[in-house]
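Summary of structural features
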Amino acid sequence: MKLSKRLQTLADLVAFDTVCDIGTDHGFLPVYLAESGKAKKIAACDISPASLKKAEVAAARARVSSVVETRLGAGLSVVVPFEFETCVIAGIGGRLLCEILSSDMPVSATFRQLLLSPHTDVPFVRKFLFESNFKITNEKLVFEDGKWYNVLVCQPQTEKLGKPTEADLLFGAFRSAGFFDFVSANLQKTLAVIDSIEKNSAAYVPELHNYVRACESVLRERNRNDTFRPDT
Ligand SMILES: C[S@@+](CC[C@H](N)C(=O)[O-])C[C@H]1O[C@@H](n2cnc3c(N)ncnc32)[C@H](O)[C@@H]1O
């Protein structure tokens, strides 16, 4: 199974043998994990019977149906506490992702590793994770088909987490490969939105200007030798 760059990034980050993939759709990630031997027990889970059928077919074609089990249901309702070490939730909106984690906290809090790749509202997800005591231990950025994707690696914690800064919530605290390009792209996009709003309605949107200042502040790091952290 050849994965997209985004799914390959997720697969490479899987650190444990037992994995559930919530919102699996085509089941590509579970099939890859089974084929490559990276995981030994995998549940491909989805709320949609049509999606799950695709995952079943993919697993059967790759002859890994004995390792990849499919489960039909909403979010983590199909998983019991301590059943899987790694939980992947990717390719859905950030608010739905948080809802999935929060509505089954007795399950969410038992994973040893969560790999989360929300397609929207990433700062909202970081805030939710902080407030729910999930520590973000790493972040990766993937640029694919003209879009940036965030991948957050997290662990539930028992001790209270240190409060993140506003910049950490907006952009993450890790300077992984592509970080400054990602912030530059967001800055340019926001400047274009401001330009269009102000040209058409002369409205001043303070949130957008605050966001621009936050981007510019982070980008200044790139040029400061004392705080420069190289892309890794
Ligand atoms: C765009 S696909 C993402 C597929 C794959 N995870 C990826 O990243 O490429 C989103 C999938 O999430 C499923 N989904 C949406 N809401 C869900 C929920 N509450 N519980 C489980 N699956 C859900 C959809 O049925 C769909 O198959």
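Residues numbered from 1 in each chain as written. Predicted model: local features only at pLDDT ≥ 70, side-chain atom pairs only at ≥ 80, totals over all residues.

A few words now on the sheet that holds strand β3 (residues 68-72). Read from one edge of the open sheet, seven strands run β3-β2-β1-β4-β5-β7-β6, paired in mixed fashion. The sheet terminates laterally at β3 and β6 (134-144), the two strands that pair on one side only. The sheet shows a mean angle of 20 degrees between the axes of neighbouring strands, direction not considered. In this structure, strand β2 (residues 41-46) lies alongside β3, joined through five bridges in parallel fashion. Residue pairing for β3: Ala-44 is matched across the bridge by Thr-70. (Pairing = 2+ DSSP bridges. Helix = DSSP H or I, 4+ residues; strand = E, 2+ residues; numbered from the N terminus. Axes fitted to C-alpha atoms, helices over the stretch in contact; angles between N-to-C directions.)

What follows covers the site of the ligand. Looking at the ligand, there are 16 residues lining it, with Gly-23, Asp-25, Ser-48, Ala-90 and Gly-91 nearest. Classifying every residue of the shell around the ligand gives eight nonpolar, six polar and two charged. (Near = placed C-beta within 6 Å. Nonpolar A, V, L, I, M, F, W, Y, C, P; charged D, E, K, R; others polar.)

With that out of the way, let us pick up helix α3 (residues 49-61). When the terminal C-alpha atoms of α3 are compared, their 18 Å separation across 13 residues agrees well with the 18 Å that a helix rising 1.5 Å per residue should span. Considered for burial, the residues of α3 that qualify are Leu-52, Ala-55, Ala-58 and Ala-59. Burial along α3 is one-sided: seen end-on, the buried residues are contained in an arc of 120 degrees. Turned more than 90 degrees away from the buried face of α3, the exposed residues are Pro-49, Ala-50, Ala-60 and Arg-61. Lining the buried residues of α3 we find α2 (28-36), β2 and β3. Two residues or fewer after α3 comes Arg-63, characterised by a positive phi angle close to 55 degrees. (Expected span 1.5 Å × (residues − 1). Buried ≥ 20, exposed ≤ 12 C-beta atoms within 10 Å, placed from the backbone. Arc of directions from axis to C-beta. Contact = placed C-beta atoms within 7 Å.)

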